[in-house]
Amino acid sequence: MAKAPEAEASVEKTRPRFETLRAVFWAALIALAIRSFVVEPFKIPSGSMIPTLLVGDYVLVNKFAYGVRLPFTGQLLVPVGAPKRGDVMVFRFPDDPSLDYIKRVVGMPGDRVEYRNKRLWINGTQVAVRQVDDYLSKERMQFSRRYVETLGGVDHEILIDEDTPSVMAPSRPFPHAANCNYNMNGMACTVPPGHYFMMGDNRDNSSDSRVWGFVPDENIVGRAFFIWLNLNELGRFGAFK
């Protein structure tokens, strides 16, 4: 009977550890759920989205914007919204789904997308652009022509190098490649159902749908919307289009 108090003391000492482990477990579970279904951070590794996004930008991606999807498979569970022309979207690269890519949605399912002589056309209408000051790339120490493009009601900047060829030849045959044709002036594609045509804002320095084809719906990750850090340029913080 004399040992009972010691047993109670042992239980009391163990309980705080259990409570701590339980709190850590639930915190980790909630963090995983948020990352899987709501918001996930990504780092920009290349210059294909300059001047909208720079190398080293850390961005937040809204994974709920396009519906609740199963992790890894991308299967849509709960439809909430759909990509819109002009969105900056993160997706799993069709050639290697283990890689995440980020580009701008240019073509919706059923659209006829043409890119000829450095100009973009959607369903027979040329996308409006207006030229602004040239852009100086700090990495390449080279100026590029900078334009404000209006796509799907979204004004965003693009870069064009007038001296580079207009056409980007496909790197390999890709699914639905028969929907596209290429010539010396550029290319034209009809976007198949359930797919999207993606392009980088740095038009002549972007490997995108012009090269490797369409992005299927199941590869969608989410919509990028906010820069929260860049260690090389600490002033880069805020929403973008």
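It should be noted that the structure appears before, not after, this text.
Residues numbered from 1 in each chain as written. Predicted model: local features only at pLDDT ≥ 70, side-chain atom pairs only at ≥ 80, totals over all residues. Heavy atoms only, no water.

Caption draft 1: Structural view of the pattern of salt bridges. Applying the stated criterion across every chain yields a total of ten salt bridges. Residues Arg203 and Glu149 are paired through a salt bridge, measuring 2.8 Å at the closest nitrogen-oxygen approach. Of this pair, Arg203 sits in the loop between β15 (195-199) and α2 (209-212) while Glu149 sits in strand β11 (residues 142-151); the two residues are 54 residues apart in sequence, bridging distant segments of the chain. Look at Arg203 and you get buried, because its relative accessible area is 1%. (Salt bridge = Lys/Arg side-chain N within 4 Å of Asp/Glu carboxyl O. Helix = DSSP H or I, 4+ residues; strand = E, 2+ residues; numbered from the N terminus. Buried < 20%, exposed > 50% of the residue type's maximum accessible area, 1.4 Å probe, protein only.)

Caption draft 2: Summary view of the state of the cysteines. Under the counting rule described, the total for this entry stands at one disulfide. Disulfide pairing places Cys180 opposite Cys189 at an S-S distance of 2.0 Å. Measuring the twist about the S-S bond at about 115 degrees, one finds the Cys180-Cys189 disulfide to be right-handed. (Disulfide = S-S within 2.5 Å.)

Caption draft 3: Just the nonpolar core, in detail. Counting 18 residues, the largest nonpolar core has Val106, Val113, Leu120, Ile122, Phe197 and Phe214 as the members making the most contacts within it. When residues of this core are traced back to their parent elements, those giving at least two are β7 (112-116), β8 (119-122), β11, β12 (154-160), β14 (186-190) and β15. The next biggest cluster of nonpolar side chains, apart from the first, holds 14 residues, and it includes Tyr66, Phe91, Met168 and Trp212. (Core = buried A, V, L, I, M, F, W, Y, C linked by side-chain atoms within 4.5 Å.)

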